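So you can see what is in the structure, the chains are spelled out below.
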Amino acid sequence: MANLRCREYGFGCNYVSKGNAEKIVFDFWEHMNNEHGIDYSKETIMESVKRKNSETPRNP
Ligand SMILES: [Zn+2]
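None of these values were measured; they are calculated from a predicted model.

Looking at the coordination of the zinc ion
Distances from the zinc ion to its protein donors, namely Cys6 (SG), Cys13 (SG), His31 (NE2) and His36 (NE2), fall within the range 2.0 to 2.4 Å. Mapped onto the sequence, the donors of the zinc ion take the spacing C-x6-C-x17-H-x4-H. With Cys13 in the loop between β1 (2–5) and β2 (16–19) and His36 in helix α1 (residues 21–36), this pair connects stretches of sequence that are 23 residues apart. Of the residues examined, Cys13 reaches a relative accessible area of 16% and is grouped as buried. By relative accessible area, which is 26% here, His36 ends up partly exposed.

The rules behind each value
- Residues numbered from 1 in each chain as written.
- Predicted model: local features only at pLDDT ≥ 70, side-chain atom pairs only at ≥ 80, totals over all residues.
- Heavy atoms only, no water.
- Donors = N, O, S within 2.8 Å, 3.2 Å for Na, K, Ca; no water.
- Helix = DSSP H or I, 4+ residues; strand = E, 2+ residues; numbered from the N terminus.
- Buried < 20%, exposed > 50% of the residue type's maximum accessible area, 1.4 Å probe, protein only.

The analysis is restricted to geometry; functional conclusions fall outside its scope.
Shown next, in the form of structure tokens:
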């Protein structure tokens, strides 16, 4: 399971989106809109998730 932290985007915020890639992207995008008023593109967020996932060893 992957995750994406709001803090990794430079915000002083403890929000963490977890789950499968599609869920992370949607939840994180929604959080950015609702909490920070920023409309990140879902493609940009997906790239971050993919990059993180490829760096994380798989644990079945
Ligand atoms: Zn946040």
